[in-house]
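Coordinate analysis (summary)
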Amino acid sequence: MTFEQHGENRFVVPIGPQHPALKEPGHFEFVVDGEIVTGASVRLGYVHRGIEKGAEDRTWTQNLYLMERICGICSHIHATAFVQGVEKLAGVEAPPRARAIREIFAELERIHSHMLWLGVAAHEGGFDALFMYSWRDREVVMDMLEMLSGNRVHYSANLIGGVKYDLTPEMTDKIREGLNYLEERLAHYLDVVNNDETFIGRTRGIGTMTREQAQLLGAVGPTARASNFAYDVRVDAPYAAYAEFPVEMVVAQEGDLHARFVVRILETMESIRVLRRIFENMPESELVTRVPRRIPAGETISRVEAPRGELFYFIASGGGEKPERVKVRTPSLCNWGTVITLAVGHKLADMPMILAGIDPCFSCNDRLVMVKRNRQDPQVWTWADLRNYGIEYYR
Amino acid sequence: MSTLEEILQKAENLLQPFAQSSNRPESNRLDVYLSRENLIPAVKALVEARWGYLSTITGIDRPAAVLEEGQTSEQGEIEVLYSFCSGAAIVSLRVRVPYADAVLPSICPLIPSATLGERELMEMFGVKVEGTPDTSRLILADSWPEGVYPLRKSFVPAARFSGGAEGG
Amino acid sequence: MGLEVSKPWQQVLDKIRTWARVNSPWAIHFNSGSCNGCDIEILATLTPRYDVERFGIKLQGSPRHADVLICTGPVSLQSKDRLLRIYWQMPEPKFVIAVGSCGLSGGVFHGCYNIVHGIDEVLPVDVFVPGCPPRPEGIIYGVAVLLEALKSGKRPERTMTVELPTGFEMPQAEVRQ
């Protein structure tokens, strides 16, 4: 960990990168003047593996497994973005049933991701009961994903040209039961979020971002939609089966941390609704269409809506068995810019919740936020220290 | 509500004064090829017309010839795509710079959040982005050697994956 | 679709309960660059369905209080120093569990330029838990294997020389009874 001294009385407080709450390594530095954050910056790299380069050494099919593992939480959506791009280059379209199954996995993944986030963000604020309950309920989704694919994480549902797994009526019945249970639980969480005084005290009016800021700073996903910046790739540029089974965008006006919680819970409920609609009208077709081993030369851009926001893949083929270039721009990269700006003017005690509020996926981008503090003695804080500081501050 | 075609046409009109050439590689995409001098005016045109948002800055290494393993080519260019999105439409401003003069102006004065993409471009491809507010490394370690740009084709990782279609 | 683990697993978990109550190991978790898949399954072991804490296994944040380091990831170049720092701050006797195929060999990232490939390139690993990711039950089983070793008084045989992190001073020797 590094220290820097800037002028008189300005200190860098490095936080992390190893901390028990945020499970991924990341480095934060905040510049603080007394209690107030006056500057923040980001540094990433702890999870950098060299995947874009590695993609150039792997065949198109091998890359499916690599792209999936960019992120353990949103693995399916990465594979989907990749596979859709490759299919475009190959000039094929996955059959209707395959596209519907891709959407099913994507929405189940969104549910699991938002519930995971709900627990982690709650934990950041010291609401450990909410963490335990939401993760317990999340196990229901993990069971569904395991039933469909054989794995709880990294379902590997996609093939170039379609999907591997099919749904049976027994599976859809079980999933429906699970969805009913989840819907009840989510209604309860929404109630807590909207009515619990302690929770509201730590989230209302905190980390507010206006629509203009969201647009200028390039915010994406639920973070943007909570600031009334209404865009969602599933609605604006439908892919998979979203044209046949559309989702309604969830948008909030307040733009604060509280709104981000509400947007994600409502989105999860919308995912449940769209899943039910798909089950009622599952298209019948084969599961995969043939794709050549060598993908024709060309370039394509593939965009999807990951749980955290817009995911952008640029894929170039030279006509061979391996890609020439795969560029992955993940949503968290966009949202980090918002944190750096949002942090300024806020109390240090609000930092854990603000950071958690954008649902940072360190695996997608690995970033350090730097905070510099005006104090006599520079202090090294672990993430647990910062988190506890926030909790104690609001007690 | 404008159609996809109207949205793309609007961008094409805005960018026409700056473009060397342009084409539609896919039904929802417009690629506009520019010289580096026209990058800022082109970005300004999109920003002032509030056309979409900057989604991604993509670097592509274009070595002059097919390289043998480990060889470095003196010739060659880096191509950079600045991709803006509006609804389903994607407009990419494409600029090429030669290795010998791999310099681009920063678009951060117009779009502050571009700093992260520009930092990545600098460390991965060795492009110098003039005027960018933060030149520190974004994702490579401080101990990573200077002058070694991982996403250039000439960089060969030590233990590279070889389980490809050729076998091994 | 219940919230309980299956019966065979329940028996494994009951066995662990006895061992853990004897030893009460405190664990620390570190992600050396993984996709987070293994980490969320490790975190899942704390949640009500698996509830590993009831067996006395405690996940906490300080290396100085840890008996066991549970590590995931293919060890990115940047995380290597952090990983070594944590290891050297842990008092003896200490054990390392590598979770996930990345921790074994680099996993799917084999050949990528920014990783070391396998936690055992950096630290002496006592238990490997394969999987991508391993299930929470598998992770708990890996911990159980380790606890069996602890219970029988085994001490790790180490032939590996572990690097020191940069700028690190060797801590005072702490002997735990």
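Source: prediction; values computed, not measured. (Residues numbered from 1 in each chain as written. Chains lettered and ligands numbered in written order. Predicted model: local features only at pLDDT ≥ 70, side-chain atom pairs only at ≥ 80, totals over all residues.)

Attention now moves to the overall build of chain C. Along the backbone of chain C there are five helices and five strands. Every one of the 177 residues in chain C was classed for burial, and the buried ones make up 52%. For chain C, long-range pairs separated by at least 24 residues make up 83% of all intrachain contacts whose partners lie at least 6 apart in sequence. (Helix = DSSP H or I, 4+ residues; strand = E, 2+ residues; numbered from the N terminus. Buried ≥ 20, exposed ≤ 12 C-beta atoms within 10 Å, placed from the backbone. Contact = placed C-beta atoms within 7 Å.)

Here the focus is the sheet that holds strand E2 (residues 29-34) of chain B. All names here are of chain B. Here five strands make up an open sheet; going across it, the order is E1-E2-E5-E4-E3 and the pairing mixed. Sheet topology places strand E1 (21-23) and strand E3 (53-63) at the edges, where each strand pairs with a single neighbour. Averaged over all pairs of adjacent strands, the angle between strand axes in this sheet comes to 20°, irrespective of strand direction. Across the sheet, helix H2 (residues 39-48) touches E2, strand E4 (76-86) and strand E5 (89-98), and the angle it forms with E5 is around 165°. Each of E3 and E4 touches helix H3 (residues 114-125); the most contacted strand, E3, lies at about 10° to it. (Pairing = 2+ DSSP bridges. Axes fitted to C-alpha atoms, helices over the stretch in contact; angles between N-to-C directions.)

Attention shifts here to the interface of chain B and chain C. Each partner contributes to the interface: chain B provides seven residues, whereas chain C provides seven residues. Across the side of chain B that touches chain C, the residue classes break down as five nonpolar, one polar and one charged. (Nonpolar A, V, L, I, M, F, W, Y, C, P; charged D, E, K, R; others polar.)

All names here are of chain A. Within the secondary structure, Arg303 sits in strand E7 (residues 298-306). What makes Arg303 buried here is the crowd of 25 C-beta atoms within 10 Å. Between the C-alpha atom of Arg303 and that of Phe82, which follows or precedes it by 221 residues, the distance is 9.1 Å. With residues near it in sequence (within four places) discarded, Arg303 still touches Val233, Ala237, Glu310, Leu311 and Phe312.

Residue and element names in this part refer to chain A. It is at 10 Å that the axes of helix H6 (residues 169-195) and helix H11 (residues 257-280) come closest, and there the two elements cross at 160°. One element, H6, and the other, H11, form an angle in the roughly antiparallel class. Viewed along their axes, H6 and H11 form a crossing whose handedness is left-handed. Of H11, the residues touching H6 (which contributes Thr172, Arg176, Leu179, Leu182, Glu183, Leu186, Tyr189, Leu190 and Val193) are Phe261, Val262, Ile265, Thr268, Met269, Ile272, Leu275, Arg276 and Phe279. Residues that form the contact of H6 with H11 fall into these classes: 13 nonpolar, two polar and three charged. (Parallel < 35°, antiparallel > 145°, perpendicular 65-115°, else oblique. Left-handed = near helix turned anticlockwise from the far one by under 90°.)

Time to look at unusual backbone geometry. Across the junction of Cys132 of chain C and Pro133 of chain C, the peptide omega takes the value -5°, indicating a cis bond. Positive phi outside glycine occurs at Ala240 of chain A, with the angle close to 45°. Take Ala240 of chain A: it is sitting in the loop between helix H10 (233-236) and H11. Phi at Asn36 of chain C takes a positive value of approximately 90°, unusual for a residue other than glycine. Checked against the element boundaries, Asn36 of chain C lands in the loop between strand E1 (26-31) and helix H2 (37-44).

A separate point is H3 of chain B. In a regular helix each residue adds 1.5 Å, so twelve residues correspond to 16 Å; H3 of chain B covers 16 Å between its end C-alpha atoms and thus fits that length. Most of H3 of chain B is tucked away: twelve of the twelve residues are buried. Turning to H3 of chain B, its buried residues number three or more, namely Ala114, Thr115, Leu116, Gly117, Glu118, Arg119, Glu120, Leu121, Met122, Glu123, Met124 and Phe125 of chain B. Packing partners of the buried residues in H3 of chain B comprise helix H12 (331-343) of chain A together with E3, E4 and strand E7 (128-130) of chain B. Taken from the residues just after H3 of chain B, Gly126 of chain B is the one with a positive phi, measuring 75°. (Expected span 1.5 Å × (residues − 1).)

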